[in-house]
Amino acid sequence: MNDMTFKTVFTPPQPKILATNPAKIIAEGVDVYYGEKHAIKNLSLTIPDKAVSAFIGPSGCGKSTFLRSINRMNDTIPGCRVTGVINVDGQAIYDPSIDVVDLRARIGMVFQKPNPFPKSIFENVAYGPRIHGLAKDKTALEQIVTESLKRASLWDEVKDRLHQPGTGLSGGQQQRLCIARAIAVNPEVILMDEPCSALDPIATARIEELITELKEKFCIVIVTHSMQQAARVSDLTAFFHLGILVEAGDTDEVFTSPQEKRTHDYITGRFG
Amino acid sequence: MVSLVIIVALSVLAYFASQMRAAALAAGGATLRARPTFHGYLAFVVALLAGLVALALAGLTPALPALIAAPAAAAAGGIAVFLAVSPVLRARVIFEKIVLAVLILASAIAIFTTIGIVASVAVESLHFFQQVPMQSFLFGTDWSPTAPVPSFGFVPLLTGTLLITVIALTVAAPLGLLSAIYLAEYADLKTRAIAKPLLELLAGVPTVVLGFFAALTVAPFIKTAGAAMGFSIASESAMAAGLVMGMMIVPLISSLSDDVINAVPQAMRDGSYAMGATKSETIRKVVFPAALPGIVSAFILAISRAIGETMIVVMAAGLAPNLTFNPFAAVTTVTVQISAMLVGDQEFDSAKTLSAFALGLTLFLITLALNIYALRVVRKYKEHYA
Ligand SMILES: Nc1ncnc2c1ncn2[C@@H]1O[C@H](COP(=O)(O)OP(=O)(O)OP(=O)(O)O)[C@@H](O)[C@H]1O
Ligand SMILES: [Mg+2]
């Protein structure tokens, strides 16, 4: 019965990417509140596996809020409430029987501001594998760390200084360190909140390359303010406005022939 | 008092007069170097300072009646600025310079007072060391300043101080740290709003009250408990003093540690939670190591507070300079002996009296070293998140 109500509100054309890639995350009728504030309104969206989905929209429209509700990081914010259903692999993640700690191990996150721990580069990457007991011994751990740093294309820059603090790296290197930290536990989904907002064009290009590589194995969701970036890296684009998901579809469709006037105005930079 | 009121009134008057004169100039078409309010401020501080200086001088020279001199000086200062008001007067620049000078003066007074105290203690200590050789003070194991042949061995006082400090820390370190972690990480806002001030209230209990609590409640309790188990324990013991002193420094440790734990950026915790870490893993592996330098410095400050504490020890641990590490024996500490040496009638240059200065100097050097170490740890911590 709930089905009926939200389908009448928002009936997206089926994106082509969903025909080729299986759905990984399915949100249905999601509302998010910060106390009285209604930050996400009746949102329904299907996110494909092994693809990059981009969330775009003006500042304050709820992109980060929705992103954080996918790995339940909103739980740590006092007064934040999520209703509706979010399924990951068919499992309702807000079900009381779900172990949040377990869920977050499966859904990695890279934050808008790089936040390496004040530990060595090695320890930063080894953090997740250690707490989840992913490495049997020291060699296996070293293997995971090396592998993750290589995949985050940071290895060459840090291989001689693995035991120096991660906080001593440059901003772009720190962001790649955080990506290495996130992929070290082999998550199924990686959420990235504006991962390039503090980076120069070169570091941005490297991270975009990395994202394209990572989507071979993972389901990637990225929040970005750069239209070009969304167009370059993503397969699916979702446009948010004032807590509402206005439009979601294949990236080339959304950028060439948006269905909604608001989307068109936003991506052409004519948003008032 | 009356003259103070008059000075302030005159200064306010000077403010308005100069401000209005400058405003009139500006209204007349002149371009001022500073806004009219700054002309007013300048007149105010000049009048006030002139008045205060005159008041101080009048206090020093009885011939000068304060009631006349101070208002006269203030008026003169105010009028001088009033007459000086002109488009070219750099009132703002001069005013800022005067403010700066006052600020420098204030900190200089504090610094020179400290230097003066240390210097006087050091000089008196020198006199002491002319009578008692330094090595017999530093390494002697017998402290009996009132014996027919007095002996000033500092070691039993040091061990007494250390013993009590160690007992206090054994109590306060876990209690303080655990309550800090609870307050910072687990307590909800309401609990925190009640529990934190209550804990800090403990820091406001006068140490003399804690002292008689130690002597009249804790010490007898330890004594009867010991007797029940077949030990005979002195009614004054290092244990009683140490336990209560531990309670005294709990709020110091918990409050400072709570602050440093709170200062660990939320982004660190989020990073850990997002990796699938539990709350206790996050605290143990991310928050605590990040806050550790700050926590260490909180401990060091608590230790120097414990070392300097006198009242509790006087009342609960006794005056007996025993060289022992038995926590149930009566001991004495550096601070207790300082006060004991200076109580009662005494000649000022006896070795007994002068020994208080030597003890004070030693104590000062110990706590100074601890504080410098704490500051360095804190600085290192600050660099971490800069
Ligand atoms: N912790 C919070 N408490 C209360 N309100 C919040 C909180 N976080 C976000 N909001 C509000 O929810 C709305 C959506 O915020 P959100 O951070 O999701 O926006 P965003 O789309 O990520 O914006 P930006 O592009 O600027 O990062 C905003 O109006 C914001 O003010
Ligand atoms: Mg955001």
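Reading the values: rules and limits
Residues numbered from 1 in each chain as written. Chains lettered and ligands numbered in written order. Predicted model: local features only at pLDDT ≥ 70, side-chain atom pairs only at ≥ 80, totals over all residues. Heavy atoms only, no water. Helix = DSSP H or I, 4+ residues; strand = E, 2+ residues; numbered from the N terminus. Contact = heavy atoms within 4.5 Å. pLDDT = per-residue confidence, 0-100. Pairing = 2+ DSSP bridges. Axes fitted to C-alpha atoms, helices over the stretch in contact; angles between N-to-C directions. Parallel < 35°, antiparallel > 145°, perpendicular 65-115°, else oblique. Left-handed = near helix turned anticlockwise from the far one by under 90°. Nonpolar A, V, L, I, M, F, W, Y, C, P; charged D, E, K, R; others polar.

### With respect to the side chain of B:Ser272
Here is step 1: Here B:Ser272 is to be found in helix H10 (residues 266-274).
Here is step 2: The contact partners of B:Ser272, leaving out residues within four places of it in the chain, are A:Phe117, A:Tyr127, B:Ala277, B:Thr282 and B:Val286.

### Concerning the confidence of the model for chain B
All names here are of chain B.
Here is step 1: Confidence in the prediction of chain B, expressed as mean pLDDT, is 89, and 98% of residues score 70 or more.
Here is step 2: Within chain B, the element-level pLDDT minimum falls on helix H14 (residues 351-385), averaging 82, and the maximum on H10, averaging 94.
Here is step 3: Overall fold confidence (pTM) sits at 0.77, and the ipTM for the predicted complex is 0.88.

### Concerning the sheet that holds strand E6 (residues 107-110) of chain A
Across a sheet, paired strands are connected by hydrogen bonds in the backbone, their directions being either parallel or antiparallel.
Residues and elements named next belong to chain A.
Here is step 1: Strands sit in the order E6-E7-E8-E3-E9-E10 across an open sheet of six strands; the sheet is mixed. In this open sheet, the two edge strands, each paired with only one partner strand, are E6 and strand E10 (244-250). Recorded for the sheet is a direction-independent mean angle of 15° between the axes of neighbouring strands.
Here is step 2: Across four bridges, the pairing between strand E3 (residues 52-56) and strand E9 (residues 236-241) is parallel. If you follow Ala54 over to E9, its bridge partner there is Thr237.
Here is step 3: Relative to strand E7 (residues 189-193), helix H3 (residues 63-70) is tilted by about 155°, and along the sheet it contacts E3, E6, E7, strand E8 (219-223) and E9.

### So, the packing of helix H8 (residues 171-183) of chain A against helix H9 (residues 201-214) of chain A
Residue and element names in this part refer to chain A.
Here is step 1: Interhelical geometry of H8 versus H9 gives an angle of 15° and a closest axis separation of 11 Å. The pairing of H8 with H9 is recorded here as roughly parallel in orientation. Seen along the crossing, H8 lies across H9 with a hand that is left-handed. Of H9, the residues touching H8 (which contributes Gln175, Arg176, Ile179 and Ile183) are Arg206, Ile207, Leu210 and Leu214.
Here is step 2: Looking at the contact of H8 with H9 residue by residue, the class counts come to five nonpolar, one polar and two charged.

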